[in-house]
Amino acid sequence: MIGAISAERPTASSRRVQTWLTIAVRIWFVVAVIGQLMFAYYIFAFYGGSAMRNELGSWNEVLFHGLTKEISMGNVAIVSHIVFAAIITLGGPLQFIKAIQSRAKGFHRWNGRIYVFVALIMSLSGIYIILVKGPVGSIYMAAGNLLNASLILVCAWMTWRRAVQRQMQAHRQWAVRMFLAVSGVWFFRLGFGLWIAIHQGAPGHTDAFDGPFDIGLALAHTTVPLLFGELYLRAKRSSRTVQKIAAMVSLHFATILTAIGVVMAAIIFWLPSL
Ligand code: HEM
């Protein structure tokens, strides 16, 4: 009995390790938010800027399928996908800021509802584009995109359900998974950039996106971030110091990869269109 009670009480060293873990996740989050702001800026500046100048044609220089001249469901899907892309990229990180969670509860609730709704639109419009207009790149890319969309939908549903059921710990865990799944397309660009930074080229990549690297990235851009997230969530709950240290080290590693990926993605994908 005494042993059980003392095991539950965190020691000074386990509290210290918990603090290190919290700091590690916050550093990763800050780097990720900077990278997502850059992605959002690109969406606003390129797509928003050319729409305001009435130069929608320049969207087709970047998009794989692009817009067609007639009014069609395909165009509606693409335009809504792009408009909501900017909203979801900005809205997600706000949900994790503690000051907003505690001092602006109404904002947190409404932004959360909008985030879940926009995730639904993004996933459904993405699925529509792939199934009706065809895959972007290879069939492997389509499979990766569909996996990404399915995981977004599952995580969004669970995040919302747990909030409604007032199971706040589970709600927070599903929100982390949802944020990582929603960031899948952003991670894809980072992964591509990272590969080029490491190899000074793109071995395993083909123009048709069916090389071994392309197949790996199609699967990994959603699953690897979720695995890192799971490591963190389990370590946070665990009382084992070694598990917390392993998660902390993996988070610092993820921060370095994320920072390099963001710089490379900006150079390869975002800056050339601005
Ligand atoms: C939820 C977060 C998402 C964001 C922020 C996002 C963002 C974007 C952006 C900005 C583009 C334009 C390409 C570019 O300029 O880089 C795009 C295109 C595209 N997205 Fe997404 N996307 C998301 C989710 C998805 C999902 C889940 C799918 C798949 C089911 C998907 C499928 C597509 C497709 C197929 C295109 C290409 C359209 C074309 O080239 O004609 N997206 N997305």
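Structure: above.
Worth saying up front: this structure is predicted, and the values here are computed from it rather than measured.

Caption draft 1: Looking closely at the overall build of the chain. Secondary structure summary: the chain contains 10 helices and zero strands in total. Along the chain, from the amino end to the carboxyl end, the secondary structure elements read α-α-α-α-α-α-α-α-α-α. Against the compact-globule benchmark of 19 Å for 274 residues, the chain has a radius of gyration of 20 Å, which places it among compact chains. Expressed along its principal axes, the backbone C-alpha trace of the chain runs to roughly 75 × 45 × 30 Å. The proportion of buried residues among the 274 residues of the chain is 42%. For the chain, the centre of its 23 positive side-chain charges and the centre of its 8 negative side-chain charges are spaced 25 Å apart.

Caption draft 2: Quick look at helix α5 (residues 105–133). In this model α5 runs 41 Å from its N-terminal to its C-terminal C-alpha over 29 residues, within 8% of the 42 Å that 1.5 Å per residue would give. At the exit of α5 stands G134, carrying a positive phi of roughly 110 degrees.

Caption draft 3: Region of interest: the packing of helix α7 (residues 168–182) against helix α8 (residues 184–199). Two numbers describe how α7 lies on α8: the axes approach to 5 Å, and their chain directions differ by 55 degrees. Relative to α8, α7 is oriented oblique. Judged by residue contacts, L180, A181 and V182 of α7 engage G184, V185 and F187 from α8. Tallied by class, residues from the contact of α7 with α8 come to five nonpolar, one polar and no charged.

Caption draft 4: Molecular detail of the site of the ligand. Around the ligand, the structure places 29 residues, and the nearest of them are Y42, Y47, F64, H81 and R189. In the environment of the ligand, an oxygen atom lies 2.5 Å from a nitrogen or oxygen atom belonging to the backbone of F64. Contributing elements (two or more residues each) for the shell around the ligand: α2 (12–52), α3 (73–94), α5, α6 (139–164) and α8. A class-by-class count of the residues in the shell around the ligand yields 20 nonpolar, eight polar and one charged.

Caption draft 5: Layout of the pattern of salt bridges. Tallied over the full model, the rule gives three salt bridges. Taking the shortest distance from any N to any O, the salt bridge between R53 and E55 comes out at 3.2 Å. By relative accessible area, E55 is classed as partly exposed at 39%. Between E230 and R234 there is a salt bridge whose closest N-O contact spans 3.8 Å. Of this pair, E230 and R234 both sit in helix α9 (residues 212–237), four residues apart, roughly one helical turn. A single network of salt bridges, built from pairs that share partners, joins R177, E230 and R234.

Caption draft 6: Looking closely at the packing of aromatic side chains. For the coordinates displayed, the defined rule picks out 16 aromatic pairs. Geometrically, the ring pair formed by F46 and Y47 is edge-to-face, given 4.8 Å between the ring centres and 75 degrees between the ring planes. This pair shows no difference in class: F46 is buried, exactly as Y47 is. Judged by centre distance (5.7 Å) and plane angle (45 degrees), the ring pair of W157 and W160 falls under tilted. Residue W157 and its partner W160 are both found in helix α6; the two are separated by three residues, about one turn of the helix. Judged by relative accessible area, W160 falls into the partly exposed class, the value being 37%. Here a set of aromatic residues connected by ring pairs shows up, and it is made of F39, Y42, F46, Y47, W59 and W270. Positioned above the aromatic ring of W174 is the side chain of R177, whose terminal nitrogen or guanidinium carbon lies 4.5 Å from the ring centre.

Caption draft 7: Molecular detail of a nonpolar patch on the surface. Among the surface-exposed residues, Y41, V263, I267, L271 and L274 lie close enough to one another that they form a single nonpolar patch of about 520 Å² accessible area. Within the secondary structure layout, L274 lies in the segment after α10 (241–270).

Caption draft 8: A look at the nonpolar core. Formed by 51 residues in total, the largest nonpolar core has its most connected members in W28, I43, Y47, M178, W186 and W270. Elements with a minimum of two residues in this core: α2, α3, α5, α6, α7, α8, α9 and α10. Ranked by residues supplied to this core, first place goes to α2 with 12 residues. In this structure W28 touches F179, L180, F187, L251, A254, T255 and T258, once residues within four positions along its chain are discounted.

What counts and what doesn't
- Residues numbered from 1 in each chain as written.
- Predicted model: local features only at pLDDT ≥ 70, side-chain atom pairs only at ≥ 80, totals over all residues.
- Heavy atoms only, no water.
- Helix = DSSP H or I, 4+ residues; strand = E, 2+ residues; numbered from the N terminus.
- Rg over C-alpha atoms; globule rule 2.2 N^0.38 Å.
- Buried < 20%, exposed > 50% of the residue type's maximum accessible area, 1.4 Å probe, protein only.
- Lys, Arg positive; Asp, Glu negative; His and termini not counted.
- Charge placed at Lys NZ, Arg CZ, Asp CG, Glu CD.
- Expected span 1.5 Å × (residues − 1).
- Axes fitted to C-alpha atoms, helices over the stretch in contact; angles between N-to-C directions.
- Parallel < 35°, antiparallel > 145°, perpendicular 65-115°, else oblique.
- Contact = heavy atoms within 4.5 Å.
- Nonpolar A, V, L, I, M, F, W, Y, C, P; charged D, E, K, R; others polar.
- Near = heavy atom within 4 Å.
- Polar contact = N/O pair within 3.5 Å; in protein donor to acceptor, adjacent residues only side chain to side chain.
- Salt bridge = Lys/Arg side-chain N within 4 Å of Asp/Glu carboxyl O.
- Phe/Tyr/Trp six-rings, centres within 6.5 Å; stacked < 30°, edge-to-face > 60°.
- Lys NZ or Arg CZ within 6 Å of the ring centre and 35° of its normal.
- Patch = residues over 30% accessible without salt bridge, like charges linked within 9 Å, V, L, I, M, F, W, Y side chains within 5 Å.
- Areas by Shrake-Rupley, 256 points an atom, 1.4 Å probe, with all protein chains shown as cover.
- Core = buried A, V, L, I, M, F, W, Y, C linked by side-chain atoms within 4.5 Å.

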